[in-house]
Amino acid sequence: NLYANSLLAVDAATGKLKWYKQLVHHDIWDYDLAAAPILFDVHRNGRVIPAVGQSTKMSLFFIFNRETGEPIFGMEERPVPQSTVPGEKTSKTQPFPLKPVPLAKISASRAELAELAKISPEHQKYCEGLWDQYKFADTGIYIPWRTDENVLNMPGAQGGSNWMGMTYNAQLGLLIGNVLNAGQLGKLQAAAAGGLGRRGATPPANAAPGPQSFNKTPGPFNRYWNTDNMWSCSASPWGELVAVNANTGDIAWRVPLGEFEEL
């Protein structure tokens, strides 16, 4: 998967590859780089550095010198959980920028569900039932799909900046974009004879009637929300507008974004 999930620079005059950075190794999560990269200048240590930024579904925002591919604020490979699925081999590490910090949530825990009582006791009960029904463990980014248990990934394939990307305000030196705190649950199932396997959380035979309604969502992935009203089971805020200082890599500010009128 050498050039999959990669940011590449090509010399327009010669057509030759100048540099590339693979930002997801062996993608099994649908973490494609959906947003277009953004060009801007970084003013640092008395220099003006031509930069390129790549926002991602993983909530990670990578910033490089666009001429050389050097990470301006640092980047490192960190160990991640490994797949136990027969025949699958996941990457031992994944790249993380040192700055900025993740733009949206990259973890989830059952304890956080208590916060949903601010929305409604019924919604809290629904999400706790969903968590217990599928026997989720406290989770984070790059958790591999399994065949023997359901998995919750935070963020999921609709999380982070997704398709939206960032914009640059040169006068303020800010990179601004909206992000989603959205999770995704699923499970690998063996393929039927002559058919294809699929990802999708399978309810236990004794599943409670409330959380089971979550399975109405069609398609290979299930989202971490109540499909009856689209209220998320992630801790609020569910959406945010985030600004990054282009010259330091720090988060300048963040505010909640979006609303459900009934709430």
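What counts, and at which threshold
- In this numbering scheme, every chain counts its residues from 1 along its sequence in written order.
- Note on the predicted model: pLDDT of at least 70 is required for a residue's local features to be given, and 80 or more for side-chain atom pairs to be given and counted; whole-chain, interface and lining totals, by contrast, use all residues.
- Remark: hydrogens and water are excluded; side-chain values derive from all non-hydrogen atoms of the structure.
- The helix and strand labels rest on DSSP assignments: H or I over at least four residues marks a helix, E over at least two residues marks a strand, and numbering proceeds from the N terminus.
- Note on classification: 1.4 Å probe, protein chains only; a residue is buried when its accessible area is under 20% of the maximum for its type, exposed when over 50%, partly exposed between these limits.
- Note on definitions: a residue-residue contact is assigned when non-hydrogen atoms from the two residues lie within 4.5 Å.
- For the area figures, the Shrake-Rupley method with a 1.4 Å probe applies, and any residue is considered shielded solely by the protein chains shown.
- Aromatic contacts are taken between Phe, Tyr and Trp rings whose centres are within 6.5 Å, Trp giving its six-membered ring; a plane angle under 30 degrees counts as stacked, one over 60 as edge-to-face, and the others as tilted.
- Residues with no salt bridge and a relative accessible area higher than 30% make up the patches, which join like charges within 9 Å and nonpolar side chains (Val, Leu, Ile, Met, Phe, Trp, Tyr) within 5 Å.
- Salt bridge, as used here: a side-chain nitrogen of Lys or Arg that lies within 4 Å of a carboxyl oxygen of Asp or Glu.
- The pLDDT score gives, residue by residue, the confidence of the prediction method on a 0 to 100 scale.
- Note on pairing: DSSP must find at least two bridges between two strands before they are called paired.
- Helix axes are fitted to C-alpha atoms over the stretch in contact, other axes to C-alpha atoms as well, and angles between N-to-C directions run from 0 to 180 degrees.
- Expected span, for any helix, means 1.5 Å times one less than how many residues it has.
- Any two cysteine sulfur atoms within 2.5 Å of one another count as a disulfide.

A few words on the overall build of the chain. A count of helical and extended segments in the chain gives two helices and 18 strands. Buried positions account for 48% of the 263 residues belonging to the chain. If you take every contact in the chain between residues at least 6 apart in sequence, the share linking residues at least 24 apart comes to 58%. On the chain, roughly 12,900 Å² of surface is accessible, and the fraction owed to carbon and sulfur atoms is 54%.

Further remarks concern the packing of aromatic side chains. Geometry of an aromatic ring pair is reported as the spacing of the ring centres plus the angle between the planes. As enumerated under the stated definition, the model contains eleven aromatic pairs in all. On the basis of an interplanar angle of 45 degrees and a centroid distance of 5.5 Å, the ring pair of Phe40 and Tyr168 is categorised as tilted. Placement of Phe40 in strand β3 (residues 38–44) and of Tyr168 in strand β11 (residues 167–169) is noted, with a sequence separation of 128 residues between them. By way of ring pairs, the aromatic residues Trp29, Tyr31, Phe96 and Tyr142 are connected into one cluster.

What follows is about a nonpolar patch on the surface. On the surface, Leu2, Tyr3, Leu8, Val10, Leu17 and Tyr20 cluster together to form a nonpolar patch covering roughly 540 Å² of accessible area. Among the secondary structure elements, those contributing two or more residues to the nonpolar patch are β1 (6–10) and β2 (17–22). Following the sequence through the fold, Tyr3 ends up in the segment before β1.

Once that is clear, we can look at the confidence of the model for the chain. Confidence in the prediction of the chain, expressed as mean pLDDT, is 90, and 89% of residues score 70 or more. Every residue in residues 203–221 scores below 50 in pLDDT, and together they form 43 contacts with partners more than four places removed in sequence or on other chains.

Regular strands show a simple pattern: their side chains alternate between the two faces of the sheet. Direction of pairing for β3 relative to strand β4 (residues 47–55): antiparallel, over a ladder of seven bridges. Across the sheet, Ile38 pairs through a bridge with Gly53, a residue of β4.

The next point concerns the sheet that holds β11. Sheet architecture is open: four strands sit in the order β11-β12-β17-β18, paired in antiparallel fashion. One side of each edge strand has no neighbouring strand; the edge strands of this open sheet are β11 and β18 (251–256). For this sheet, the mean angle separating the axes of adjacent strands, direction not counted, is 25 degrees. By the bridge criterion, seven bridges tie strand β12 (residues 174–180) to strand β17 (residues 239–245) in an arrangement that is antiparallel. Paired with Leu175 across the two strands is Val244, which belongs to β17.

Considering the arrangement of structural elements, one finds Met58 in the loop between β4 and β5 (61–65). Residue classification places Met58 among the buried residues on the basis of a relative accessible area of 0%. A sequence separation of 99 residues divides Met58 from Ala157, and the C-alpha atoms of the two residues are 7.8 Å apart. Aside from chain neighbours lying at most four places away, what touches Met58 is Leu23, Val24, Tyr31, Ile106, Ile141, Tyr142 and Pro155.

Across the sheet, three strands lie side by side as β10-β13-β14; this open sheet has antiparallel pairing. Each having just a single partner strand, β10 (151–153) and β14 (222–223) make up the two edges of the open sheet.

Mapped onto the secondary structure, Arg254 falls in strand β18. Overall, Arg254 belongs to the partly exposed group, its relative accessible area being 34%. As for Arg254 and Val244, which are separated by ten residues in sequence, their C-alpha atoms are 9.0 Å apart. When neighbours within four sequence positions are excluded, Arg254 is seen to be in contact with Pro102, Leu103, Glu240, Leu241 and Val242.

Turning next to the pairing of β1. Looking at chain direction, β1 and β2 are connected through five bridges and run antiparallel. Pairing of Leu7 across the sheet is with Lys21, part of β2. Counting the residues in the hairpin turn of β1 and β2 gives six residues, including Gly15, whose phi is positive at 80 degrees.

A few words on helix α1 (residues 121–133). Along its 13 residues, α1 runs 18 Å from first to last C-alpha, staying within 8% of the 18 Å computed at 1.5 Å per residue. Those residues of α1 that fall on the buried side of the exposure criterion are His123, Gln124, Tyr126, Cys127, Glu128, Leu130, Trp131 and Gln133.

Another point: the state of the cysteines. Applying the stated criterion across every chain yields a total of one disulfide. For Cys127, the disulfide goes to Cys233, at an S-S distance of 2.1 Å. Between Cys127 and Cys233, the S-S dihedral sits near -80 degrees, and the bridge is therefore left-handed. Of this pair, Cys127 sits in helix α1 while Cys233 sits in the loop between β16 (231–232) and β17, and the two are 106 residues apart along the sequence.

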